[in-house]
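An overview of the molecular structure
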Amino acid sequence: MRRLLVLILIAAASLAATPPSGMLGFSPARAESQRDLEEQFDALLNRENLDQWLKELSAQPHHAGSPGSKAVAESIAQKFRSWGFDTEIDTYHVLLPTPRTRKLELIAPTRYEAKLEEPALEGDATSSIREGSLPPYHAYSIDGDVTGELVYVNYGIPGDYETLESLGISVAGKIVIARYGGSWRGIKPKVAAEHGAIGCIIYSDPRDDGYFQGDVYPEGAFKNEWGVQRGSVMDMPLHPGDPLTPGVGSTRDAKRLPIEEAKTLTRIPVLPISYGDALPLLRAIGGPVAPLAWRGALPITYHVGPGPARVRLALEFNWNTVPAHNVIARLRGAERPDEWVIRGNHHDGWNFGANDPLSGMVALMEEARAVGQLARNGWKPKRTMVYAGWDAEEQGLLGSTEWAEHHASELKRKAVIYINTDSNGRGFLYAGASHSLERLINEAAREVTDPQRKMSVWQRMRAGIIAGGGEDAAAARDAVDLPVSALGSGSDYTPFLQHLGIASVHVGFGGENAGGSYHSIYDSYDHYSRFGDPGFHYGIALARVAGRLALRFAEADILPFRFTNFATTVEEYVGEVEKLTDTMRKETEERNWKIREGIFEAAADPTKPFIALVPKDPVPHLELAVLRNAAGRVKESAARYDAAAQKSLAEGTLTSSQRGRLNQLLAGAERMLTNEAGLPGRPWFKHQVYAPGFYTGYGVKTLPGVREAIEQREWSQAEEQAKVIAAVLDRFASHLDQATAALGSN
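Quick caveat, the model's predicted, so the values are computed rather than measured. (Residues numbered from 1 in each chain as written. Predicted model: local features only at pLDDT ≥ 70, side-chain atom pairs only at ≥ 80, totals over all residues. Heavy atoms only, no water.)

1. Notes on the overall build of the chain
When helices and strands are counted, the chain shows 22 helices and 18 strands. Expected size for 746 residues packed as a compact globule is a radius of gyration near 27 Å; at 26 Å, the chain falls within 12% of this value. If you line up the chain on its principal axes, its C-alpha atoms span 80 × 65 × 60 Å. Across the 746 residues that make up the chain, the buried fraction comes to 61%. In the chain, the proportion of contacts linking residues at least 24 apart, taken out of those at least 6 apart, comes to 80%. (Helix = DSSP H or I, 4+ residues; strand = E, 2+ residues; numbered from the N terminus. Rg over C-alpha atoms; globule rule 2.2 N^0.38 Å. Buried < 20%, exposed > 50% of the residue type's maximum accessible area, 1.4 Å probe, protein only. Contact = heavy atoms within 4.5 Å.)

Encoded structure:
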């Protein structure tokens, strides 16, 4: 199989589409000098630095609010200063609970007290360190002491509760146990509470994250029976950041909500456990056998319940306000200092955090060191370059969100792009971004060599898509630009893109570094250096890709956006929304026909042989033409601008003042896609094209106002939101027309 993949990679590389000539945003002459600069940048990168810094920064626990976090921030800041950056530590004061009481016990039909701890392992040097470390828990779970029957809810996402309903099972007054996967963890207690549950337990099933996938740690990379995934369960689809200061920076004197008014805390207590602790609980559950798709890899027959298993879950937290230390390093631009290229990665982790986030942080640091060396050698960036190390990302993007909210007015005036990285592994380049950056990302990826395959990382991306088959494979064969993903949430680009409307990109490598260290005490230097990126070759590849994005934005004559890619993507999103209504209409008609005809669906429980389908209201024909018309106008305006910009760069006719006016318009284009009122029910999210889903958490919803209204069968709201998005797209098209006019073209 491996040989077959290699052959596919080679064949796909040989069929690569002819890349566009030139360099986006640069005249032909300046494109050559830019490539020379990037070659100098590449030659300065040293992977031994990544190894040294990762070992140093992951040697002690450094979660937000800890002495270790402050020490890590100070160490990073000292290095930036030594590289020539004007550096400060910008501190915010955020609500951050830590556990005081954690108790989970099975009290019927047998007894078992959960261990709730991860043992030290031979071969993992830091796993024995307990001083300053955080035990397994979920940040922003509420306090609670609840006892009830246990119900297994699979991944605990909305569709799973529909299955339970079809089985005649309610979770009201019960405690649910869900496995990790299917959605972001914070959705699981949210949906459980909406269905009346009084508590939630989340475990990692070995089918998804354990011995079913491969050898477990320390022999292999995957989660062992006592490994636990910590994490935040804040309701981030409402807003990220400090729960007590939504929309404003949590400075020391900021006005804070009373904690009982914070909307992003869970409504029920929730606790993560290992599959070693989950096994006795799941074994004790009776009731119907779980549907086939719900069954994991533990050596039991999976049942749904409720009962006879009864558990007690008792949690109590220290609700403290703690400092979050952001490192902000600036290299002032020589020509346009008030245009900022912002590059960020968080530095806090759940305990040692070698993979998440330090594998990305050390790549950013090496990138910045090389940029600083270029400056010491005599080069100066045209635009100001800002390198940031965020704190408290793990608890809910706190450090980046508070900084972005605090400096919102200045950022809207000055920021031209935000470039994000996070954890990094080995394998394939992945990218999510504002789609006006799609061409730039493709250009950069074509010019970086994959450390393993010795082809460009673009060619390897393309080969991976082709190997996957399907419609995407067919499109990739002839693609000039490979598609980038839309951004949902889960890392520090969120406040920049979705709250402030700053064009953003998130990049990293992965696909060949799977393993179970995520958010556990085993996310260590030993684990990462063996299984993550041995030799740190892909850390250097990441620095080369992200460094090119940053350097090209810092140096471009015209900011390197290409709006035709965005326009084409928006047209696709409109088509998806239209198709969604058609699909829902057909499904509803079929369902209601079955009810009229007396057709029933068999249940899994033999004691309940048939469960009647519940009828649903018909799906009306929605008026969405306004959306398609607006997308068409964007496509026309984008094509005019892109053609005019290419012509202008080739001719070299723009004056300095014309470039200044044009770049100001280009930097503000993404902000035209925001609406100050925000999304329905969650005004913090202002972007009208990209947002995390209300019930997906990290997963993106595109054209979210109308798409989610349709999914929730809010038909009048869907038509209202279609008009809102259409108005935003019309404003965006007009903005592009102004940019075209600034080029002196019609």
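2. As for the packing of helix α12 (residues 438–446) against helix α17 (residues 537–555)
Relative orientation and spacing of two packed helices are given, respectively, by the angle between their axes and the distance between those axes. Following both chains from N to C, one finds α12 and α17 inclined at 125°, their axes separated by 9 Å at the closest point. Our classification of the angle between α12 and α17 gives oblique. As α12 runs across α17, the sense of the crossing is right-handed. Every residue of α17 that contacts α12 at L440, I441, E443 and A444 is listed here: V545, R548, L549, R552 and F553. Taken together, the residues of the contact of α12 with α17 sort by class into 6 nonpolar, no polar and 3 charged. (Axes fitted to C-alpha atoms, helices over the stretch in contact; angles between N-to-C directions. Parallel < 35°, antiparallel > 145°, perpendicular 65-115°, else oblique. Left-handed = near helix turned anticlockwise from the far one by under 90°. Nonpolar A, V, L, I, M, F, W, Y, C, P; charged D, E, K, R; others polar.)

3. Side note on the packing of helix α9 (residues 354–376) against α17
Their axes nearest at 9 Å, the elements α9 and α17 cross at an angle of 55°. Compared by their axis directions, α9 and α17 come out oblique. Handedness of the crossing formed by α9 with α17: right-handed. Across the interface between the two elements, G360, A363, E366, E367 and V371 from α9 touch G539, I540, L542, A543, A546, G547, A550 and L551 from α17. Residue composition of the contact of α9 with α17, by class: 8 nonpolar, 3 polar and 2 charged.

4. Observations regarding helix α19 (residues 625–651)
Its 27 residues place the ends of α19 40 Å apart at the C-alpha level, agreeing with the 39 Å of an ideal helix rising 1.5 Å per residue. Those residues of α19 not exposed but buried are L627, A630, A631, V634, S637, A638, Y641, D642, A644, A645, S648 and L649. At its buried positions, α19 is contacted by α2 (28–44), α18 (563–596), α20 (656–667), α21 (704–711) and α22 (715–742). Positive backbone phi, at 65°, marks G652, one or two positions downstream of α19. (Expected span 1.5 Å × (residues − 1).)

5. Here's the deal with unusual backbone geometry
For the peptide bond that leads from Y217 to P218, omega is 15°, which places it in the cis range. By the element assignment, P218 lies in the loop between α7 (206–209) and β7 (231–232). The linkage connecting G305 with the following residue, P306, adopts the cis geometry, with an omega of 0°. Mapping P306 onto the fold places it in the loop between α8 (275–283) and β9 (310–331). Positive phi, normally seen in glycine, also occurs at Y140, with a value near 75°. Here Y140 is to be found in the loop between β3 (138–139) and β4 (144–152). Note on Y140: relative accessible area 0%, which makes it buried. A positive phi is found at N154, a non-glycine position, where the angle reads about 60°.

6. Comments concerning the pattern of salt bridges
Applying the stated criterion across every chain yields a total of 41 salt bridges. A salt bridge links R312 to D145; the shortest N-O distance between them is 2.7 Å. A residue pair is termed long-range when its members are at least 10 positions apart, and R312 in strand β9 and D145 in strand β4 qualify at 167 residues. By relative accessible area, which is 25% here, R312 ends up partly exposed. We classify D145 as partly exposed; its relative accessible area is 49%. (Salt bridge = Lys/Arg side-chain N within 4 Å of Asp/Glu carboxyl O.)

7. Thoughts on the environment of E105
When you line up the elements, E105 lands in strand β1 (residues 86–108). Separated by 318 residues in the primary sequence, E105 and S423 place their C-alpha atoms 34 Å from one another. Once residues lying within four places of it in the same chain are set aside, the contact partners of E105 are R111, Y112, E113, R310, V311 and R312.

8. Looking at the packing of aromatic side chains
If you walk through the whole model with that rule in mind, you get 27 aromatic pairs. Ring geometry for Y152 versus W294: centroids 6.0 Å apart, planes at 80°, classification edge-to-face. Residue Y152 is located in strand β4, and its partner W294 is located in the loop between α8 and β9; the two are separated by 142 residues in the primary sequence. Between F563 and Y641 the ring centres are 5.5 Å apart and the planes differ by 70°, which places this aromatic pair in the edge-to-face class. Within this pair, whereas F563 is found in helix α18, its partner Y641 is found in helix α19, the two being separated by 78 residues in sequence. Aromatic rings pair up to connect F553, F561, F563, F566, Y641 and F732 into one cluster. The cationic tip of R207 hangs over the ring face of F212; the distance from NZ or CZ to the ring centre is 4.2 Å. (Phe/Tyr/Trp six-rings, centres within 6.5 Å; stacked < 30°, edge-to-face > 60°. Lys NZ or Arg CZ within 6 Å of the ring centre and 35° of its normal.)

9. Digging into the side chain of R343
Looking at where R343 falls in the secondary structure, it is placed in strand β10 (residues 336–346). A distance of 3.0 Å separates polar atoms of two side chains, one belonging to R343 and the other to E367. The residues touching R343, leaving out its near neighbours within four places in the chain, are L364, E367, V386, Y387, A388, Y418, I419, N420, T421 and A546. (Polar contact = N/O pair within 3.5 Å; in protein donor to acceptor, adjacent residues only side chain to side chain.)

10. Digging into the pairing of strand β12 (residues 415–420)
Here β12 lies mainly inside the structure; 6 of its 6 residues are buried. As defined by bridge partners, β10 adjoins β12 across 5 bridges and the pair is classed as parallel. Within β12, the residue paired with V341 across the bridge is I417. Examined bridge by bridge, β12 and strand β14 (residues 504–511) share 3 bridges and lie parallel to one another. In the sheet register, N420 faces β14, and the bridge partner there is H506. (Pairing = 2+ DSSP bridges.)

11. Concerning the confidence of the model for the chain
Chain-level statistics for the chain give a pLDDT mean of 94 and a share of 95% at 70 or above. Counted against residues more than four places away or in other chains, residues 1–15, with its pLDDT under 50, gives 20 contacts. For residues 602–610, every residue scores under 50 in pLDDT, and the model assigns this stretch 14 contacts once sequence neighbours within four places are set aside. (pLDDT = per-residue confidence, 0-100.)

12. Digging into the environment of I419
Within the secondary structure, I419 sits in strand β12. According to the relative accessible area criterion, I419 is buried, its value standing at 0%. Sequence spacing of I419 and T126 is 293 residues, and the spatial spacing of their C-alpha atoms is 31 Å. Every residue in contact with I419, bar those within four places of it in the chain, is listed here: V341, I342, R343, G344, V505, L549 and A550.

13. So, the environment of I502
Looking at the element boundaries, I502 is found in the loop between α15 (494–499) and β14. Taking the C-alpha atoms as reference, I502 lies 44 Å from G173; in sequence the two are 329 residues apart. Setting aside its immediate chain neighbours within four residues, I502 contacts L411, A415, I417, Y418, F496, L497, E670 and R671.

14. Observations regarding the side chain of R336
By the secondary structure assignment, R336 is in strand β10. Put simply, R336 is tucked away with no salt bridge, and the nearest opposite charge, on E339, sits 4.3 Å away. Filtering out sequence-adjacent residues up to four positions away, R336 remains in contact with K382, R383, T384, S656, R659, G660 and N663. (Lys, Arg positive; Asp, Glu negative; His and termini not counted.)

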